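Okay, here's what each chain looks like letter by letter:
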Amino acid sequence: MNRFFRLGPVLRARKAQEDAARGAVIQSRQEIREAQALVKRRQLDLAGADAPTEGTARAMVASMVARQSLAATLSGAHQMVTDAEERTREKVAELADAAKRRRAVEMMAERHAETVRHHDLTTEQNNIDEIAVTSKARNAARGVDATSEERASTLRHGAGSVADRRSLIELSAAGVAAAEREDIARETANGVAAQRGMIDLADAREAIDAARERLSLVAKRPADPAEVDDEGNSDQD
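Residues numbered from 1 in each chain as written. Predicted model: local features only at pLDDT ≥ 70, side-chain atom pairs only at ≥ 80, totals over all residues. Heavy atoms only, no water.

Colleague: Just to check I follow, could you spell out the overall build of the chain for this structure?
Modeller: Within the chain one finds six helices and zero strands. When the helices and strands of the chain are listed from N to C terminus, the series reads α-α-α-α-α-α. Contacts spanning at least 24 positions in sequence make up 79% of the contacts within the chain whose residues lie at least 6 apart. (Helix = DSSP H or I, 4+ residues; strand = E, 2+ residues; numbered from the N terminus. Contact = heavy atoms within 4.5 Å.)

This is the structure in structure tokens:
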């Protein structure tokens, strides 16, 4: 199980792109506000420049030219607002697209994290079940009654607390360690017994029977006359 999310750099890049798009949207909205403020100023300037009702022809012409210039400036300010709003819509669309791309990778990261968490929980549960089953089998082989089997079964199914789980793991680990020590001692004893010499009882029986047969033959054999004479001379001496 690969615990490292391989698309982590891609997710960081997508987040950076989204932040940049968000900054562009903020900037375009600020431009809209500035253009709207310029429109208001130009409207006030145009309203303050009333057409002259008296004076020379040259003064009246100059006043009318000034008003036309203010009107053109106001029209330009309105165009600036329109352009700023159009750019804002484009930036908002770019931000939405960047958010979608970032969210797609982020969902993959969340699924990977959930997979890792599920794998860890499954591994932990399997270890607890294996330790409990192994301890129960060894206790049954040794003839030991597991008094806490009902509580252990409850813990294996997730109903116990974290402290109870830890206690079960410690007790099971101690039982497994004791059983392993017994297995090692048993193997050592078997090895020592295998190294000792074996006594063949059949060969010993045959040797005893042969010795008895030789003794019986010696007892039944007649005595030699020379040996009898020698025994008589030794009696006279």
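Now that the structure is up, let's keep going.
Colleague: Teacher, can you tell me more about the side chain of Thr88 here?
Modeller: Residue placement: Thr88 occurs in helix 2 (residues 57–142). Note on Thr88: relative accessible area 8%, which makes it buried. Thr88 has contacts with Ser28, Arg29 and Ile32, leaving out every residue within four places of it along the chain. (Buried < 20%, exposed > 50% of the residue type's maximum accessible area, 1.4 Å probe, protein only.)

Colleague: What exactly am I supposed to notice about the pattern of salt bridges here?
Modeller: Oppositely charged side chains may form a pair once their charged atoms are brought near each other. Enumeration over the complete set of coordinates arrives at 11 salt bridges. As a salt-bridge pair, Glu18 and Arg102 come within 2.6 Å of each other at their nearest N and O atoms. Here Glu18, found in helix 1 (residues 8–48), pairs with Arg102, found in helix 2; they are 84 residues apart in sequence, far enough to count as distant. Across the pair, Arg102 and Glu18 agree in class, each one buried. Measuring nitrogen to oxygen at the nearest pair gives 3.2 Å for the salt bridge that ties Glu110 to Arg103. (Salt bridge = Lys/Arg side-chain N within 4 Å of Asp/Glu carboxyl O.)

Colleague: Just checking my understanding: could you explain the side chain of Glu18 for this structure?
Modeller: A residue is classified by how much of its surface remains accessible, and Glu18, at 7% relative accessible area, is buried. The contacts of Glu18, once residues within four sequence positions are left out, are Leu95, Ala98, Ala99 and Arg102.

Colleague: When you look at the confidence of the model for the chain in this model, what are you seeing that I'm missing?
Modeller: In regions of low pLDDT, the predicted coordinates are not meant to be interpreted in detail. Mean pLDDT over the chain works out to 75, with 63% of the residues at or above the 70 mark. For the stretch residues 155–159, pLDDT sits under 50, and the model shows 13 contacts to residues farther than four places along the chain or on other chains. Confidence over residues 231–237 falls short of pLDDT 50; this stretch has zero contacts with residues more than four positions distant or in other chains. (pLDDT = per-residue confidence, 0-100.)

Colleague: Would you mind going over a nonpolar patch on the surface with me for this structure?
Modeller: Residues Leu7, Val10 and Met108 make up a contiguous nonpolar surface patch of about 190 Å² in total accessible area. Position of Met108 relative to the elements: it lies in helix 2. (Patch = residues over 30% accessible without salt bridge, like charges linked within 9 Å, V, L, I, M, F, W, Y side chains within 5 Å. Areas by Shrake-Rupley, 256 points an atom, 1.4 Å probe, with all protein chains shown as cover.)

Colleague: Please clarify how the environment of His119 should be interpreted in this entry.
Modeller: Within the fold, His119 resides in helix 2. Residues His119 and Arg3 lie 116 residues apart in sequence; the distance between their C-alpha atoms is 9.9 Å.

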